[in-house]
Amino acid sequence: MSILYIHFHDLPDEQVYRRLLALLAEYTPVVQALPPDAALADVSGSLRYFGTDATALAERVRARTGGLYGLCSTIGVAANPLLARMVAADGPPSAVRTLPDDIDTVTAFLAQKPTAALQGVGPATARTLSSYGLDSVGKITAAPLGTLQRILGVTAGRRLHDAARGLDPTPVIPSAPPRSMSVEHGFTHDELDRERQRAALLDLTDRLGLQLRTESRVARALTLTVRYADRSTTTRTRKLHEPTAHTRSLTTLAYELHDRLALQRARVRALSLRAEDLIAAELASRQLLFDPGDEKARRIEAAADRARDRFGPGVVRPAGGARSHVA
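Procedures and definitions
Residues numbered from 1 in each chain as written. Predicted model: local features only at pLDDT ≥ 70, side-chain atom pairs only at ≥ 80, totals over all residues. Heavy atoms only, no water. Helix = DSSP H or I, 4+ residues; strand = E, 2+ residues; numbered from the N terminus. Buried < 20%, exposed > 50% of the residue type's maximum accessible area, 1.4 Å probe, protein only. Contact = heavy atoms within 4.5 Å. Areas by Shrake-Rupley, 256 points an atom, 1.4 Å probe, with all protein chains shown as cover. Axes fitted to C-alpha atoms, helices over the stretch in contact; angles between N-to-C directions. Parallel < 35°, antiparallel > 145°, perpendicular 65-115°, else oblique. Left-handed = near helix turned anticlockwise from the far one by under 90°. Salt bridge = Lys/Arg side-chain N within 4 Å of Asp/Glu carboxyl O. Arc of directions from axis to C-beta. Pairing = 2+ DSSP bridges.

### Things to note about the overall build of the protein chain
Within the protein chain, the regular secondary structure consists of twelve helices and eleven strands. Taking all 327 residues of the protein chain together, 47% fall into the buried category. For the protein chain, the share of sequence-separated contacts (at least 6 apart) that also reach a separation of at least 24 residues comes to 69%. Accessible surface for the protein chain amounts to roughly 16300 Å². Of this, 53% is attributable to carbon and sulfur atoms.

Have a look at this one:
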């Protein structure tokens, strides 16, 4: 057990997130950023130096996170990234949870978990598997590899077959967080209504576009993260057609990402959007569309930005938007 999955709760901004990653680097150089609020750390090479085990090292990290920044964190300790993520999510927040590297213990831990608890299994895949009676990890484990491959395809079936047995060969790759900006909306209750989710997305893209334009930056990709009632998440990323800070373009892609997840009947706890791969606005080229509607939208957007700059960000809101907060 030498892999830590660390989830930081209620991060105020990206700067604090970077400081927390630097704190983790004091314990191991093998730290992989998982923005906006998590990280993986491989401490296998650090245990002898610190004279302790991975669980005790995780407790040190959690204590320092709270002491230095007043933040809560949840840390999963296991043999690989998949299991570390799952054991971190296996209970209330703000704790260190360890899954021993024992085949019987791992099998028992996984057996009763819903299929959606496995990383990479979104609501649509979970519904497909459930239609075949495969609604728990234990049932997937009992299914022949060939059956899973017929349902999901050769590669996805093999990946699910291994994950259900707690196998994850993915290494922790040291990386810093890319330049990004993120916003998040937390619902007051588990939200099943698609239109309310889209209203939240509209508000998020409005806030994100304004933030980008204020800092004279544009994004080349957009990431949507959906957090569910059981605290599991699904994340999808797509590149934009061109680097942009235009709210209309961000909204179109956000809606596409949301539609592709097929969240019917999914109990959504929060939505977050992250603008990725940022560059200075003056370095980006823009394709001329000769579309009067697009030009009009950009002029309205510029006027709204001037009004916000003068009277405050709340003076102009998108129609149907919901309140959000910066993650």
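### Description of the packing of helix α4 (residues 81-88) against helix α5 (residues 103-111)
One way to put it is that α4 packs onto α5 with a least axis distance of 12 Å and a crossing angle of 55°. When the axes of α4 and α5 are compared, the pair comes out oblique. The two elements α4 and α5 cross, and the hand of that crossing is left-handed. Touching L83, M86 and V87 of α4 are V106, F109 and L110, all from α5.

### Structural notes on the pattern of salt bridges
Enumeration according to the criterion identifies 15 salt bridges in this entry. For the salt bridge of D90 with K113, the shortest nitrogen-to-oxygen distance reads 3.4 Å. On the criterion of sequence distance, the pair formed by D90 in the loop between α4 and β5 (96-98) and K113 in the loop between α5 and α6 (123-131) is long-range, its members being 23 residues apart. Taking relative accessible area as the criterion, D90 reaches 37% and is therefore assigned partly exposed. Note that D277 and R220 form a salt bridge whose closest N and O atoms lie 3.1 Å from each other. Of this pair, D277 sits in the loop between β9 (268-276) and β10 (279-280) while R220 sits in strand β7 (residues 217-228), and the two are 57 residues apart along the sequence. Looking at R220, the relative accessible area reads 34%, which means it is partly exposed.

### A closer look at helix α8 (residues 145-152)
Residues of α8 that are buried: L145, L148 and I151. Down the axis of α8, the smallest arc covering the buried residues is 130°, so these residues share one side. Where α8 is buried, its residues touch α6, α7 (137-142) and α9 (154-163). Looking one or two places after α8, you find G153, whose phi comes out positive at around 105°.

### Let's talk about the sheet that holds strand β4 (residues 73-78)
One open sheet accounts for five strands, arranged β2-β3-β1-β4-β5; its pairing is mixed. Each end of this open sheet is capped by a strand with a single partner; those strands are β2 (31-34) and β5. Pairwise comparison of adjacent strand axes, ignoring direction, gives a mean angle of 15° for this sheet. When β2 meets strand β3 (residues 38-42), the two strands line up antiparallel, connected through four bridges. The residue bridging Q32 from the neighbouring strand is L40, located in β3. Relative to the sheet, helix α1 (residues 14-25) contacts β1 (3-8), β2 and β3, its axis offset from that of β2 by approximately 160°. Contacting β1, β2, β3, β4 and β5, α4 runs over the sheet at an angle of about 135° to β4.

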